[in-house]
Amino acid sequence: MQTLQALLTQISSTTTLEGLENLRLQVLGKKGLLTQEFSQLKSLEGQVKAQKAQELNQFKEAFTSTHALKKQELQNLALEAKLCAQKIDWSLAHTHLRASFGHPLSHTKDRIIEYFTQLGFKLHLGALIEDEFYNFDALNMPAYHPARDMQDTFYFQDRKLLRTHTSPTQIHALQHQEPPIKMISVGPTFRRDYDTTHTPMFHQVEGLVVDRARRVHFGHLKQVLEDFLHHFFGDVRVRWRSSFFPFTEPSAEADISCVFCEGRGCRVCAHTGWLEVLGSGCVNQRVFENVGVCGVSGYAFGLGIERLAMLTCEINDLRSFFETDLRLLEAF
Ligand code: PHE
């Protein structure tokens, strides 16, 4: 009986459900102490037997209820610990997720669209298949113009082609909308080219602003694009270089101080300290004449999305954007 009492008092100091079950087996199991005591009742008789039986039953009751209470307590603790462990901490970073923010090109494209649409530029959709009129002639690049050789074109029959730049959207906008026009157009363009900095398909953003004559001028272009470059690249210096495009006059290209070496000179900027990022200019009056619009002035610009994404994501092979390698996506 002493051992049984000792086992009963052990219940209170038990801390695990396994320990508790062990105690129960020691007492109430098939070979448990109490079971043995009960079976020994056979050898007793009369008053002694009755007293012993009562004593054992009282003990059994005490043990069972103490055991049940303790079991409940330990089960509650276990449940609480489990709930605590499983509790979702919304403030935790998703370091275990393998999701990326999307393809670097889509991300770059979305950032550009968001910036310009907030400035009131309307997003125009353009067609990928154009004809020579929209891609070249209307943009002041007639059949004999040497600028037509600058772009190696994928031709279909009947003067149809895969657009070599997004500038044909300027012509569609001028034909379909009365100035003032303030639009951007974004999408794929195609040229026969393939090396570390050229792919047959790449993406451009076209911008066009047109209003009554002299309402828009080169100063506006400079301001809008410099603000954009600072928004996009942060603290960089912007340099303007005069350039030539048949559809803009005057024309200018913008460079930013190299984002890799901060202008000190490195391999990426060919040790010049500068990176070319966009082409632009005031719309050539010949373009307006070609579509029969008069008394207006405007400016246009063109950006390469891959170029901007390469610079912000520090990717040095343009082709890797199109190789669907998950490791590249996961890097962002
Ligand atoms: N279309 C030109 C190109 O593909 C870029 C450009 C657009 C330049 C608009 C000036 C104005 O290179």
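Residues numbered from 1 in each chain as written. Predicted model: local features only at pLDDT ≥ 70, side-chain atom pairs only at ≥ 80, totals over all residues. Heavy atoms only, no water.

Engineer: An account of the overall build of the protein is needed here, citing residue identities and associated values.
Structural biologist: Of regular secondary structure, the protein possesses 11 helices and nine strands. Along the longest, intermediate and shortest principal axes, the C-alpha atoms of the protein span 130 × 45 × 40 Å. Intrachain contacts of the protein at a sequence separation of at least 6 include 65% that bridge at least 24 residues. Accessible area of the protein: about 19,300 Å², with a carbon and sulfur share of 53%. (Helix = DSSP H or I, 4+ residues; strand = E, 2+ residues; numbered from the N terminus. Contact = heavy atoms within 4.5 Å. Areas by Shrake-Rupley, 256 points an atom, 1.4 Å probe, with all protein chains shown as cover.)

Engineer: Which residues make up the sheet that holds strand β9 (residues 296–304), and what are the values?
Structural biologist: Read across the open sheet, the seven strands follow the order β1-β4-β5-β9-β8-β7-β6; overall the sheet is mixed. The open sheet has two edge strands with one neighbour each: β1 (122–124) and β6 (238–245). Taken pair by pair, the neighbouring strands of this sheet meet at an average axis angle of 25°, ignoring direction. In this sheet, strand β7 (residues 248–257) lies alongside β6 in antiparallel orientation, the contact comprising seven bridges. Residue serine 242 lies in a different strand from β7, and its bridge partner there is alanine 252. (Pairing = 2+ DSSP bridges. Axes fitted to C-alpha atoms, helices over the stretch in contact; angles between N-to-C directions.)

Engineer: Quick one: what's the story with the packing of aromatic side chains, residue by residue and with numbers?
Structural biologist: For any pair of aromatic rings, the description consists of the separation of the ring centres together with the inter-plane angle of the planes. With the rule as written, the count across this model stands at 13 aromatic pairs. Consider the rings of tyrosine 115 and phenylalanine 116, whose centres lie 5.3 Å apart with planes at 85°: the pair is edge-to-face. Between phenylalanine 321 and phenylalanine 322, the aromatic rings sit 6.5 Å apart at their centres with planes inclined by 70°, giving edge-to-face as the arrangement. Each member of the aromatic cluster is reached from another via a ring pair, and the members are Tyr115, Phe116, Phe121, Phe228, Phe232, Phe233 and Phe301. Seen from the ring of tyrosine 194, arginine 319 lies directly overhead, with NZ or CZ sitting 5.2 Å from the centre. (Phe/Tyr/Trp six-rings, centres within 6.5 Å; stacked < 30°, edge-to-face > 60°. Lys NZ or Arg CZ within 6 Å of the ring centre and 35° of its normal.)

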